[in-house]
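Structural description and commentary
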Amino acid sequence: RPLRRGLALGLVAAALLAGLAAAIGFALGGLRISFGGPPPGSPLPPSLVIERAFGREVTLDQARAELVFIPVLPSLPDLGEPDHVFVSHRASGGMLTLVWGDRPGLPADAESGLGIVITEFRADIGPEVFEKLINSGVRVERTGVGGQPAYWIEGGDHFFFYRDATGRVVNTTIRLVGTTLVWEDTGGRTLRIEGAPSLADAQWVAETLEES
């Protein structure tokens, strides 16, 4: 009986330890073992980066040095620093993409793992450009950000036309996380917020963008 009682207590202790480890992880020497999904900042699958044409992953300082414009970042504590920063040169002057994973109130897409994605570049997206945007199954709602005209886009394939800093008209297909909010700010930047659960959430993020 003492042996059985000891074994039972040992199993209970092991179960409690397993539960604690599953919740917080544990350390063995210099090795820490944790459980659950990948932590923020984990590398994105290369296939996803290529599919989304994010470009090359860099630091924020490297991005600032490469771009011809001053980037803006959200000041929301709930978002914090982006998990990933990418620069590409699909647009004249460079294109910046900031990527966040799962955040409180701003859940990540279950399939891609992407949460909020903010894209920035220099371009002209006047009303005549958006006349070409609507395709079958796409809903476009005119709204605003910081007193500037903005567009909330959802559904279907999103074909996006813009005039870059050299005056060249570029058309591209937006590969969306979900819905997107697009506008041109007073600094001449075109900004795109993808992955917000609603227009109100996207505007909540947009209104906190500050030059950085």
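Reference entry: report on the structure contained in this document. (Residues numbered from 1 in each chain as written. Predicted model: local features only at pLDDT ≥ 70, side-chain atom pairs only at ≥ 80, totals over all residues. Heavy atoms only, no water.)

**Observations concerning the nonpolar core**
If you look at the biggest cluster of nonpolar residues, it comprises 30 residues, and the most contacted ones within it are Leu96, Leu98, Ile116, Ile118, Leu181, Trp183 and Ile193. Broken down by secondary-structure element, the contributors of at least two residues to this core are α3 (60–66), β4 (72–74), β5 (84–88), β6 (95–99), β9 (148–154), β12 (180–184), β13 (189–194) and α5 (199–206). For this core, the element with the most residues is α5, which contributes 4 residues. Within the second largest apolar cluster, 8 residues are counted, among which are Leu44, Leu48, Phe86 and Val117. (Core = buried A, V, L, I, M, F, W, Y, C linked by side-chain atoms within 4.5 Å. Buried < 20%, exposed > 50% of the residue type's maximum accessible area, 1.4 Å probe, protein only. Helix = DSSP H or I, 4+ residues; strand = E, 2+ residues; numbered from the N terminus.)

**Here's the deal with the packing of aromatic side chains**
Using the criterion set out here, one finds 1 aromatic pair in the structure. Consider the rings of Phe54 and Phe86, whose centres lie 5.1 Å apart with planes at 25°: the pair is stacked. A residue pair is termed long-range when its members are at least 10 positions apart, and Phe54 in the loop between α2 (46–51) and β3 (56–57) and Phe86 in strand β5 qualify at 32 residues. In terms of burial, Phe54 and Phe86 fall into one category: buried. (Phe/Tyr/Trp six-rings, centres within 6.5 Å; stacked < 30°, edge-to-face > 60°.)

**A word on the environment of Ser112**
Among the structural elements, Ser112 can be located in the loop between β6 and β7 (117–124). Residue class for Ser112 comes out partly exposed when judged on its relative accessible area of 24%. For the pair formed by Ser112 and Pro45, sequence separation is 67 residues and the distance between their alpha carbons is 9.1 Å. Looking at Ser112, its side chain comes within polar contact range of the main-chain nitrogen of Leu114, at 3.1 Å. (Polar contact = N/O pair within 3.5 Å; in protein donor to acceptor, adjacent residues only side chain to side chain.)

**Section: α5**
Residues of α5 that are buried: Leu199, Asp201, Ala202, Val205 and Ala206. For α5, the angular spread of the buried residues around the axis is 165°, confining them to a single face. (Arc of directions from axis to C-beta.)

**Quick look at the environment of Asp78**
Along the chain, Asp78 turns up in the loop between β4 and β5. Residue Asp78 is classed as partly exposed on the basis of its relative accessible area, which comes to 36%. Spatially, the C-alpha atoms of Asp78 and Gly105 are 8.2 Å apart, while their sequence positions differ by 27 residues. Excluding anything up to four places from it in sequence, Asp78 contacts Arg103, Pro104 and Trp204. (Contact = heavy atoms within 4.5 Å.)

**Let's talk about the pattern of salt bridges**
A complete count under the given rule lists 6 salt bridges for this structure. Asp61 is paired through a salt bridge with Arg64; the nearest N and O atoms lie 2.8 Å apart. You can see Asp61 and its partner Arg64 sitting in helix α3, 3 residues apart, about one turn around the helix. Of the residues examined, Arg64 reaches a relative accessible area of 30% and is grouped as partly exposed. Between Arg189 and Glu211 there is a salt bridge, with the nearest N and O atoms lying 3.1 Å from each other. Separated by 22 residues along the polypeptide, Arg189 in strand β13 and Glu211 in strand β14 (residues 209–211) bring together distant segments of the chain. Using a relative accessible area of 7% as the deciding quantity, one classes Arg189 as buried. Here the residues in one salt-bridge network are Asp185, Arg189 and Glu211, joined through shared partners. (Salt bridge = Lys/Arg side-chain N within 4 Å of Asp/Glu carboxyl O.)

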